[in-house]
Amino acid sequence: MTAERTASPGPHETIDRGAGVTFMLDGRRMRGYAGDTVGSAMAAAGVTITGRSFKYHRPRGLMCMAGACPNCLVRIDGVPNVRACSELLRDGMKVERQNGRPNVERDVTGIVDRFSFALPAGFYYKVFHRPKWAWPRVEPMIRRLSGLGVVPDEPDHGEKERVSLHPDVLVVGAGAAGLCAAVEAARAGATTVLLEERGEIGGALLYSTEWAADPFATAGAGGAASESLPGPALATRLSASADVAGVRILGGTPAFGVFDGPLIAAASENALYRIRPARTIFATGAVEQPAVFPDNDLPGVILGGAADRLLNRFGILPGRRVVVLASGPAAYRTASSLAAAGAQVTVVDPDPGAAASKVAGVTVKAGSTIRRAIGRRHVTAVEVGHPDESGSKLDCDLVVVAGHASPTTNLLAQAGATIEWDQDAGAFLATGLPAGVFAAGEVTCVRDLESAIVQGRLAGLEAARSLGLGDARTEAAVAALRAQAPSGPQEATLPPARIPADGKQFACVCMDVTYKELRFAVKEGFDSIELLKRYTTLSMGPCQGKSCLSASIRLCALATHRSIEETGAPTARPPWVGVPMSVLAGEELVPRRESAMQDLHADLGATFMWAGDWRRPHHYIEPAAEARTVHQSVGVIDVSTLGKVRVKGPDAAAFLERLYPNMYADLAVGRVRYGVMLNDSGVILDDGTIVRLADDEYFVTTTTGNAASMIRWMEWWLAVWQMDVLMANVSSQFAAINVTGPRSREVMSRLTELDVSAEGMPYLRAAQAEVAGVPALILRIGFTGELGFELHVPAAYGQYLWQEILGAGQAAGIPVQPFGLEAQRILRLEKQHILVGQDTDALSDPYGVGMPWIVKMAKPDFLGRRALAEMANGDAAPSPADRLVGWAAPGTVVPPEGAGIVQGGTWVGRVTSARRSDAVGSVIGMGWVPASLAEENREISIHFGGQTLAANVRLKPFYDPEGARLRS
């Protein structure tokens with residue numbers, strides 16, 4: 001194939017000849033044009049060998065230019081098996097051809113082709129297995145010699161967005177039929193999505209030489225309705241009509257599978273689409289099929305569509321001396337285009353009645369076929385004659401197999417359609433379409449443009465009408481289109497299935513499967529199409545049967561002496577289109593929850609972090625500055641993520657008495673008490689606050705991360721104990737804001753008429769009142785160690801209240817600073833407030849964390865009581881072997897959480913929390929140590945990363961140890 005650019009641009013070229021693009025091919029600098037694909041740029045540069053074949057390392061060249069064969073797979077910028085024919089050329093792109101050693105041009109492993117007799121179908125099941133030591137040595141060599149591409153060492157795929165769509169109508173395929181179907185469905189009122197595998201919309205119209213009228217044109221809007229347009233111009237018109245009609249067009253998004261539901265899976269470069277349409281129209285077209293003759297895989301043997309694309313889209317004449325093997329009218333259109341571009345064209349037509357005058361300037365050899373291709377690295381001649389007789393040699397540099405296309409019924413079959421052989425159409429067609437599924441265009445074997453347009457329009461209208469959409473115009477249009485629609489599939493002329501001659505005749509170019517191998521496999525007993533497919537690997541390669549299954553089925557029928565109908569087609573399974581493994585990999589489901597104030601946090605410049613299922617602000621400004629404002633003025637933090645439960649009923653107090661180790665029956669109405677929840681073994685599960693709202697009602701909070709599990713825990717025990725209690729999970733119903741700092745009372749007094757003075761609302765008091773006009777539950781608590789008010793309000797008022805709090809501070813001249821989790825952790829650490837799950841583990845009990853006061857053993861029963869009683873020594877609290885203590889270290893070096901605490905060179909404990917505190921003036925933290933080290937000011941050593949940090953144990957809070965500020 002001696003391809004070259006045409007002297008002058010064609011009317012519908014996609015390339016910009018004024019914009020050169022440079023790329024590297026196997027280390028050589030080459031040039032193409034903007035709008036080129038990698039494949040077209042390689043062809044224009046005179047590259048005839050695009051790669052080496054899977055098993056025999058035979059030279060392969062461009063064949064289909066449609067992404068339906070394995071010949072153009074290359075490595076681009078480190079990513080293997082990219083289809084050069086459809087990948088747009090980019091400046092600086094690094095392209096490498098695959099499967100050649102040391103390179104594709106001079107592949108020494110091509111010698112395998114000469115010993116193919118030793119590698120028959122299924123050889124890996126029966127060769128080199130005796131003696132036993134042989135196969136383990138041979139297998140790695142075989143694996144290295146075979147295959148396509150090399151898996152990159154580095155990750156080359158980003159995370160895919162998951163998109164779910166539920167349109168009224170989904171149209172798969174954006175050719176003439178698909179575009180017309182989408183436009184009609186959308187105009188009838190259906191929400192419509194159109195999928196197209198390639199980046200450009202128009203399908204075969206983009207390179208077609210057929211002309212047709214725009215069915216949606218009206219006088220005064222682009223010309224008269226009867227105006228006839230060439231394919232590319234018609235594609236532009238139809239695409240514009242789809243936009244105007246409101247069709248959502250997803251280009252570069254092939255549908256690769258149909259699953260129960262129906263669920264249609266499609267993938268683009270950045271997203272996986274899961275589409276559940278009410279109606280589906282398959283306009284997937286047809287894929288051209290190669291002919292089978294000796295050496296039919298030589299570079300320079302291409303399909304008619306590839307020739308049309310190269311010439312009409314990229315301005316490339318793919319050969320000067322061309323032989324066209326014809327199977328229908330499309331072949332003559334291709335021959336005419338090549339002849340008009342300056343090629344010397346000979347059409348070889350198996351039809352004895354083919355007229356020599358079909359195309360001016362083209363020689364026609366009727367009643368003949370190509371008996372073999374001749375050449376070593378690319379085709380140089382063909383032998384032409386009757387299939388069963390010797391023929392004559394005809395020199396050429398290009399062989400075009402044109403005209404025969406197989407409907408792409410794979411997705412239809414996955415959708416539930418029955419696939420049956422139609423002798424007149426020469427193809428397997430979908431029959432018995434399931435409810436809600438329609439088909440239009442070449443997938444039904446409609447092979448002329450006008451008929452495809454009519455059928456597409458009819459499918460779109462009928463899909464919309466089946467949903468109860470449309471009007472009187474719709475009914476009239478359906479009736480008119482039915483009268484125009486073809487009554488059935490159009491007849492086709494098939495090329496000879498095989499040639500009775502020597503030489504490799506490839507049924508499957510993906511896996512290097514020849515007709516000879518098929519015959520041998522049948523003799524070994526693999527005589528059904530399903531077994532034959534698996535034993536020989538037929539159609540199991542990159543094309544998944546697109547370019548080889550039609551010929552393979554015909555050859556299987558010959559080998560088994562059955563009809564094609566009896567042979568049948570193998571089961572269609574996804575994926576129909578090759579997709580990256582990252583698309584098929586199970587996604588990591590990470591529920592994302594946001595509070596009512598999320599947008600305000602973002603507007604304030606918050607940096608977010610994960611906290612359980614929640615996205616919470618980590619900080620707004622420097623965390624130390626946020627903590628400083630809390631100590632000096634007022635800070636506000638969004639604590640909506642806390643678990644919140646209302647517990648009500650005659651047994652509410654008794655229920656909480658059993659759940660918690662401390663007392664709640666004696667809690668006065670309007671008071672707050674801290675509590676930890678234990679399991680049966682006395683291990684701390686969670687902590688939070690409990691408010692008594694009435695004699696028979698409590699408001700319970702849990703930590704953010706444990707909210708869901710703790711609420712399930714409470715519900716489980718309620719069911720076990722059968723108590724007269726109602727529980728309501730109100731976590732999402734309430735937003736919560738903590739207003740804290742020495743001047744927080746001043747801010748609150750501007751927002752509520754409630755007496756928030758030290759006497760009116762002392763520490764651990766609760767009240768229900770309006771705040772900024774919003775009904776709120778106000779808790780006088782202080783996790784930060786400062787004077788604080790926790791406000792729980794209906795979630796719908798969260799944003800409003802947040803803004804009112806900031807506004808009240810601004811009006812009073814009081815600095816109010818939002819703060820995030822990092823500042824909160826510094827503040828809580830200054831008070832040695834524990835974080836359950838960080839400072840505790842699966843063995844931590846109240847005694848070990850220094851909370852013996854919270855355990856009320858005088859109670860008759862509570863969860864964990866028996867286990868705690870076994871630890872105790874009579875009435876005295878047990879002495880745990882390990883204790884959670886605070887520690888302080890001078891300087892600014894903060895050890896990582898999990899760092900070891902050592903004594904005498906031996907690991908004895910671990911750090912659980914560590915931060916630098918400006919208020920304390922040192923590094924502070926908490927950690928587990930042996931009880932013998934739990935003494936005030938005891939020296940300990942912290943070891944991490946080759947460093948040792950000297951620290952001192954602190955048993956009291958670092959900041960405001962007596963709690964004067966907290967209770968002010």
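Everything discussed here concerns the structure shown above.
Residues numbered from 1 in each chain as written. Predicted model: local features only at pLDDT ≥ 70, side-chain atom pairs only at ≥ 80, totals over all residues. Heavy atoms only, no water.

Visitor: How should I be thinking about the pattern of salt bridges in this particular structure?
Guide: One side chain can pair with another of opposite charge once the charged atoms of both are near each other. Summed over the entire model, instances satisfying the criterion amount to 40 salt bridges. Between Arg-5 and Asp-36 there is a salt bridge, with the nearest N and O atoms lying 2.4 Å from each other. Separated by 31 residues along the polypeptide, Arg-5 in strand β1 (residues 4-5) and Asp-36 in the loop between β3 (28-34) and α1 (38-44) bring together distant segments of the chain. Like Arg-5, the residue Asp-36 is buried in the burial classification. Close ionic contact of Arg-371 with Glu-383 constitutes a salt bridge, the shortest N to O distance being 2.9 Å. On the criterion of sequence distance, the pair formed by Arg-371 in strand β25 (residues 369-375) and Glu-383 in strand β26 (residues 379-385) is long-range, its members being 12 residues apart. (Salt bridge = Lys/Arg side-chain N within 4 Å of Asp/Glu carboxyl O. Helix = DSSP H or I, 4+ residues; strand = E, 2+ residues; numbered from the N terminus. Buried < 20%, exposed > 50% of the residue type's maximum accessible area, 1.4 Å probe, protein only.)

Visitor: In this structure, what is going on with the pairing of strand β35 (residues 607-611)? I would like to understand it.
Guide: On a regular strand, one side chain projects to one face of the sheet and the next to the other, so that they alternate. Pairing analysis gives five bridges linking β35 to strand β36 (residues 614-619), with the strands arranged antiparallel. Following the sheet pairing, Trp-610 is matched in β36 by Arg-615. Once β35 ends, the chain turns through two residues before running back antiparallel as β36, passing Gly-612 with a positive phi of about 65 degrees. (Pairing = 2+ DSSP bridges.)

Visitor: How do you make sense of the sheet that holds strand β24 (residues 363-366) when you look at a structure like this?
Guide: Paired through backbone hydrogen bonds, the strands of a sheet run either parallel or antiparallel to each other. Here five strands make up an open sheet; going across it, the order is β20-β28-β22-β23-β24 and the pairing parallel. The open sheet terminates on both sides in strands that have one partner only, identified here as β20 (301-303) and β24. If you compare each strand with its neighbour and ignore which way they point, the axes differ by 25 degrees on average. As defined by bridge partners, strand β22 (residues 321-326) adjoins strand β23 (residues 344-349) across five bridges and the pair is classed as parallel. By the bridge assignment, Val-323 is partnered in β23 with Thr-346. Lying over the sheet, helix α6 (residues 304-313) contacts β20 and β28 (398-402), oriented at roughly 85 degrees with respect to β20. (Axes fitted to C-alpha atoms, helices over the stretch in contact; angles between N-to-C directions. Contact = heavy atoms within 4.5 Å.)

Visitor: Quick question: what am I supposed to make of the packing of aromatic side chains here?
Guide: Taken as a whole and assessed by the stated rule, the structure comprises seven aromatic pairs. Each ring, one from Trp-421 and one from Phe-428, has its centre 5.1 Å from the other, and the planes form 65 degrees; the classification is edge-to-face. An identical accessibility class is assigned to Trp-421 and Phe-428; each is buried. For the pair Tyr-660 and Tyr-664, a centre-to-centre distance of 5.3 Å together with 65 degrees between the ring planes defines the contact as edge-to-face. Take Tyr-664: its relative accessible area is 0%, and that puts it in the buried class. Stacked on the ring of Tyr-56, the Lys or Arg Lys-504 has its end atom at 5.4 Å from the ring centre. The lysine or arginine in question, Arg-658, covers the ring of Trp-721, its NZ or CZ lying 5.2 Å from the ring centre. (Phe/Tyr/Trp six-rings, centres within 6.5 Å; stacked < 30°, edge-to-face > 60°. Lys NZ or Arg CZ within 6 Å of the ring centre and 35° of its normal.)

Visitor: Would you explain the packing of helix α11 (residues 515-523) against helix α13 (residues 549-560) in this entry?
Guide: When two helices pack together, their arrangement is given by the angle between the helix axes and the distance between those axes. Between α11 and α13, the shortest axis-to-axis distance is 9 Å and the interhelical angle comes to 45 degrees. If you check the angle between α11 and α13, you find them oblique. Like other packed secondary-structure pairs, α11 and α13 cross with a definite hand, here right-handed. Residues Tyr-515, Leu-518, Arg-519 and Val-522 of α11 pack against Ser-552, Leu-555, Cys-556, Leu-558, Ala-559 and Thr-560 of α13. Class assignment of the residues belonging to the contact of α11 with α13 gives a composition of seven nonpolar, two polar and one charged. (Parallel < 35°, antiparallel > 145°, perpendicular 65-115°, else oblique. Left-handed = near helix turned anticlockwise from the far one by under 90°. Nonpolar A, V, L, I, M, F, W, Y, C, P; charged D, E, K, R; others polar.)

Visitor: Explanation requested: the sheet that holds strand β42 (residues 726-729) in the structure shown.
Guide: Taken in spatial order, the five strands make up an open sheet running β39-β40-β41-β38-β42, and their pairing is antiparallel. At either margin of the open sheet sits one strand with a lone partner, and together these are β39 (672-678) and β42. Each neighbouring strand pair of the sheet contributes to a mean axis angle of 25 degrees, computed without reference to strand direction. As paired elements, strand β40 (residues 684-694) and strand β41 (residues 697-702) share four bridges and run antiparallel to each other.

Visitor: Whenever I open this one, helix α12 (residues 529-536) confuses me. Can you help?
Guide: Since the α-helix packs 3.6 residues into each turn, any two residues three or four apart lie on the same face. Of all the residues in α12, the buried ones are Ile-529, Leu-532, Lys-533, Tyr-535 and Thr-536. Just downstream of α12 lies Thr-537, where phi reads positive at about 65 degrees.

Visitor: Looking at this structure, I do not really get unusual backbone geometry. What am I missing?
Guide: A negative phi angle characterises most non-glycine residues, just as the trans form characterises most peptide bonds. A cis amide bond links Gly-261 with the next residue in sequence, Pro-262, at an omega value of -5 degrees. Structurally, Pro-262 is set in the loop between β15 (255-259) and β16 (263-267). Here the residue pair Pro-574 and Pro-575 is connected by a cis peptide bond, since its omega of 0 degrees sits within 30 degrees of zero. Here Met-65, not a glycine, exhibits a phi torsion of approximately 55 degrees, which is positive. Turning to its location among the elements, Met-65 is positioned in the loop between β5 (59-60) and β6 (73-76). On the accessibility criterion, Met-65 (4% relative accessible area) is buried. Of note, the phi angle at Asp-960 is positive, near 50 degrees, even though the residue is not glycine. Mapped onto the elements, Asp-960 comes out in the segment after β53 (947-954).

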